[in-house]
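# Overview (structure and organization)
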Amino acid sequence: MKTVPPSLLHRAPSAGPRRTCIGPALGARGFTIIELMIVMVVLGALIAIAAPSLRTMIVGNAVRSVTGDLLSDIAMSRSEASKRSQRVVLCASTNQNTCTGSSSWALGWISFVDADNNGQRDTVGTNEPLLRVKEAAPTSVQVNTSPAGVSDIRFRSIGVIAAATTITLCPAQSGSGASGRTIAVNALGRVQTVTVTCP
């Protein structure tokens, strides 16, 4: 029977060099071309469905914004007429300086003091200052008046007007029951606005 030298009894087994396996992680992979195409088709379908609703919302906001501006300028013109004890005219204007004599309110309007009571702004001198200037509305908004062809609203010094006027704002390409706004100014100069269904 062979004896084992004491020096070998307590020797720990030699540990060889550790090997690290380097390679792709389990389960990690990219998208295939077919999968990417499917995603693109789905996204395109969602955009096509959402686009009309988004456009309707944008146009509706434009109509409400122009309506708010016109309401504000009507109220301001009436207030200024009473405060100044002078006639104040709010009229359609394509050049944002004088009344253009047309009912194209969508192309802009002005409010001014009508010192000589002729319904037209005198640009010479400072007797008929501009009180408010509005640039053209977005092309997505159309403006109609009733009676047709109304080009101005003339507030007398006590805030009344000669005849009641109605201004309707609608999307330029309405149809299918699109919503619009109607501004009704009665003979006393008081204003009421309601939501209407555009033709």
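Residues numbered from 1 in each chain as written. Predicted model: local features only at pLDDT ≥ 70, side-chain atom pairs only at ≥ 80, totals over all residues. Heavy atoms only, no water.

Attention shifts here to the overall build of the protein. Each helix and strand counted, the protein has two helices and eight strands in total. Scored against the burial criterion, the 199 residues of the protein give a buried share of 30%. In the protein, 53% of the contacts between residues at least 6 apart in sequence involve partners at least 24 apart. Carbon and sulfur atoms provide 59% of the accessible area of the protein, an area that totals close to 12900 Å². (Helix = DSSP H or I, 4+ residues; strand = E, 2+ residues; numbered from the N terminus. Buried < 20%, exposed > 50% of the residue type's maximum accessible area, 1.4 Å probe, protein only. Contact = heavy atoms within 4.5 Å. Areas by Shrake-Rupley, 256 points an atom, 1.4 Å probe, with all protein chains shown as cover.)

Glancing now at the environment of Asp-73. Tracing the backbone through its elements, the reader meets Asp-73 in helix 2 (residues 33-84). Relative accessible area serves as the criterion here: at 4%, Asp-73 is assigned to the buried category. Here the alpha-carbon distance between Asp-73 and Arg-132, two residues 59 residues apart in the chain, equals 7.1 Å. Sequence-distant contacts of Asp-73, defined by excluding residues within four places in its chain, comprise Leu-90, Trp-109, Arg-132 and Lys-134. Of note is the side chain of Asp-73, whose polar atom sits 2.6 Å from the side chain of Arg-132. (Polar contact = N/O pair within 3.5 Å; in protein donor to acceptor, adjacent residues only side chain to side chain.)

What follows covers the state of the cysteines. Counted according to the given criterion, the structure contains two disulfides. One disulfide in the model links Cys-91 with Cys-99; its S-S distance is 2.0 Å. One disulfide, between Cys-91 and Cys-99, carries an S-S torsion of -90° and so falls in the left-handed class. We note that Cys-91, like Cys-99, is buried. Here the disulfide map of the protein reads 1-2, 3-4, the bonded cysteines being numbered as they appear in the sequence. (Disulfide = S-S within 2.5 Å.)

Here the focus is the sheet that holds strand 7 (residues 179-185). Here we have four strands laid out as an open sheet, ordered 4-6-7-8, and antiparallel in their pairing. Taken across any chain shown, the strands that pair with only one partner, and hence form the sheet edges, are strand 4 (141-146) and strand 8 (191-197). For this sheet, the mean inter-axis angle between neighbouring strands, taken without regard to orientation, is 20°. (Pairing = 2+ DSSP bridges. Axes fitted to C-alpha atoms, helices over the stretch in contact; angles between N-to-C directions.)

Residue Ser-146 is joined to Pro-147 through a cis peptide bond whose omega torsion reads 0°. By the element assignment, Pro-147 lies in the loop between strand 4 and strand 5 (152-155). You will see that Asn-117, though not glycine, has its phi angle at about 60°, which is positive. Take Asn-117: it is sitting in the loop between strand 2 (109-113) and strand 3 (130-134). For Asn-117, a relative accessible area of 46% puts it in the partly exposed group.

Among the seven residues of strand 6 (residues 165-171), five are classified as buried, and the element is accordingly described as predominantly covered. Of the pairings in the sheet, the one linking strand 4 to strand 6 comprises six bridges and is antiparallel in character. For Val-141, the partnering residue across the bridge sits in strand 6 and is Pro-171. Examined bridge by bridge, strand 6 and strand 7 share five bridges and lie antiparallel to one another. Counted as the bridge partner of Leu-169 is Arg-181 from strand 7.

Overall, antiparallel pairing links the four strands, which are arranged 3-2-1-5 in an open sheet. Of all strands in the sheet, those bounded by a partner on one side alone are strand 3 and strand 5. Between one strand axis and the next, the sheet turns by 10° as a mean value, whatever way the strands run. In the sheet, strand 2 pairs with strand 3 via four bridges, with the strands oriented antiparallel. Residue pairing in the sheet places Phe-112 in a bridge with Leu-130 of strand 3.

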